[in-house]
Amino acid sequence: MKIIFFVHSLRKGGAERLLLQIAKYIFNKGYEIIVLQAVNFDEYQEYSEIKKEYLLDFKEYRWPYIFPKLLKKYRKYIQSNEPDLVCVFSPLMIIVAAFSFVKTNTIHVIQGYGSVVRNGSIKQFIYKILDRLSLSILKYNAVVPTESLKNACLKYMSFKDSEIKVIPSGIDNSQLIFNRKDKDFDNQIIITMLGTIYKEKGQRYAIEAVKHIKKISPNLDILVKIIGTGSDEDYINKKIIENGLEKNISLLGRRDDAFEIISNSHIFWHLSESEGMPLVVMEAMALGVPVIGFNVRGVNDVIKNGSNGYLAEFKDMNAIASYTIGLIDDAEDYNRVRVDARYKIDQIYNIEKMFLNYEKYFVEFHKSIN
C-alpha cells in the first residue's frame, strides 16, 4: 500500500512529530511512504530514511494568494503518484486536498479543536464554510485522539459516527525515564512549561500564577522555565519586567535538552486554553513530574483532577498557585501523583499501541473503500 502523508510543513510541533513517528513505523512495516509538504520547511532531519517531498519553496509561500498554484501542484502530484491513501495532518491542507478536485481515499488526522471550533469572526466563518464544503467534496474519514474531540467533530460537520475513528495518541515512554529520585524542596523550586509560545497556549498566565504564589508564600524561591519560541514572547518579556519577575520567570527559547530540563524540575504547568491531546503533558507525566493545568478539553482527557495531576478552572490562577504550593508542601501526595501519572502513561498512552491502531485502521479503511 502506498500512503502519502500530507502536511503544511515539518516545523517542530506536536502534529508534525506525530506524523513522522507514524510514517516511520508504517515505513518499517514495509509500506511505501511519502511525506509531502505543501511548503519546504523541514526541521526534522533525524527522519532521513523517510522520503520527503514538497510542492512549494518556502520563498514562494504567500497565503492566501498562493492558493490556486498550490491546488494545481497538489492535483498534479497526486495524479502522477497515484497513492492508495492520503493521510492529511493539517486543517488547511484538507481544504487544499478537497478543492484540487482529485479523488483520493483520504483520512484527516485532527489533533486539536482549532479546526472544529470556529469563533464568530468573518475569517473563521469563511473557514467554516470551506471546512464543510471540503467534507462534501472529498468525503474523507477522520481520526481523532479523544472521544470529546470526536463529539466536537460530529457537532461541527456532518460526519457519520462510523466515519470518525478514535485513536489515543501515544508517547515513546521507553525514551522517557521516570525520575525516581526524591525531589529537593529546600532550595529553589523549578516549574517548567513547554510549547510554541502564543496566546492560546497560555504561557502568559505564568506571570499571574507566580504573583499569586508570592502572595501566599513570599519566601518561596520559585523559577518558571518556559521552553519554546513564538509570537507571544515579546508580550511575556514586557510583562515579566513590568512585574519585577526577572528572577522568577525565564524564557529559554527552543532547547534540544527540553526533556532533561523537565525531568529535573519539580512541577510542570500546562495553561493552554484547549488541546486535542497534549503530548507534552503526557511526556511530563512519563518523566515523573506532576502536572498542573486548566480543566479544559483535551487536558482533562489525560489528567484526572486529584489523581494523576491537578486541574483548575480556566484562568483561576489562585487555584494554580494553591495546587502548586500544596504539592510542594506534601511529599506523600507529590509522590502519589507522579507514580499514578506514569502508570496511566504505561497502561493507556503507549506509542506502540498507537502505531498498531493506526496501521490497523489504514488497512481496514483501504479494504472498505476498495
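Use the structure listed above.
Residues numbered from 1 in each chain as written. Predicted model: local features only at pLDDT ≥ 70, side-chain atom pairs only at ≥ 80, totals over all residues. Heavy atoms only, no water.

Visitor: Could you give an account of the sheet that holds strand β5 (residues 106-109), with specific residues and numbers?
Guide: The pairing of strands in a sheet comes from backbone hydrogen bonds and takes either a parallel or an antiparallel form. One open sheet holds the seven strands; their spatial order is β3-β2-β1-β4-β5-β6-β7, and the pairing between them is parallel. The strands lining the two open edges of the sheet, one partner per strand, are β3 (51-56) and β7 (164-166). Neighbouring strand axes in the sheet, compared pairwise and without regard to direction, differ in orientation by 25° on average. Sheet analysis places strand β1 (residues 2-7) next to strand β2 (residues 32-39), joined by six bridges and oriented parallel. By the bridge assignment, V7 is partnered in β2 with Q37. Those strands touched by helix α2 (residues 67-81) are β1, β2, β3 and β4 (85-88), and its axis lies near 145° from that of β3. (Pairing = 2+ DSSP bridges. Helix = DSSP H or I, 4+ residues; strand = E, 2+ residues; numbered from the N terminus. Axes fitted to C-alpha atoms, helices over the stretch in contact; angles between N-to-C directions. Contact = heavy atoms within 4.5 Å.)

Visitor: Outline the sheet that holds strand β10 (residues 249-253), supporting the account with residue identities and numerical values.
Guide: Strand order in the open sheet made by the six strands is β10-β9-β8-β11-β12-β13, with parallel pairing throughout. Here the strands that pair on one side only, and so sit at the sheet edges, are β10 and β13 (310-312). Each neighbouring strand pair of the sheet contributes to a mean axis angle of 25°, computed without reference to strand direction. Relative to strand β9 (residues 222-227), strand β8 (residues 189-194) runs parallel, the two being bridged by six bridges. Among the inter-strand pairings, T192 is bridged to a residue of β9, identified as K225. With respect to the sheet, helix α6 (residues 205-216) is in contact with β8, β9, β10, β11 (267-270) and β12 (291-294), its orientation differing from that of β9 by roughly 170°.

Visitor: Can you explain helix α3 (residues 91-99)? Please cite residues and give values.
Guide: Burial analysis of α3 places eight of its nine residues in the buried class, which makes it a mostly covered element. Among the residues of α3, those classed as buried are L92, M93, I94, I95, V96, A97, A98 and F99. Remark: F101 follows α3 within two positions and exhibits a positive phi of approximately 60°. (Buried < 20%, exposed > 50% of the residue type's maximum accessible area, 1.4 Å probe, protein only.)

Visitor: For the layout of surface pockets, give the residues involved together with the corresponding values.
Guide: Estimated volume of the second largest pocket: approximately 210 Å³. Residue assignment for the lining of the second largest pocket shows that the elements contributing at least two residues are α4 (122-138) and α13 (351-369). No other element matches α4, which puts three residues into the lining of the second largest pocket. A per-class count over the lining of the second largest pocket returns five nonpolar, three polar and three charged. (1 Å grid on protein atoms, 1.4 Å probe; cavity = no way out; pocket = protein on both sides within 12 Å on 5 of 7 lines; lining within 4 Å. Points joined across faces, edges and corners; volume = space filled by probe spheres on them. Nonpolar A, V, L, I, M, F, W, Y, C, P; charged D, E, K, R; others polar.)

Visitor: Residues and numbers for the environment of L19, please.
Guide: Within the secondary structure, L19 sits in helix α1 (residues 14-28). Taking the C-alpha atoms as reference points, L19 and V7, 12 residues apart in sequence, are found 8.5 Å from one another. Setting aside anything within four residues of it in sequence, one finds L19 in contact with F5, V7, L10, V35 and F89.

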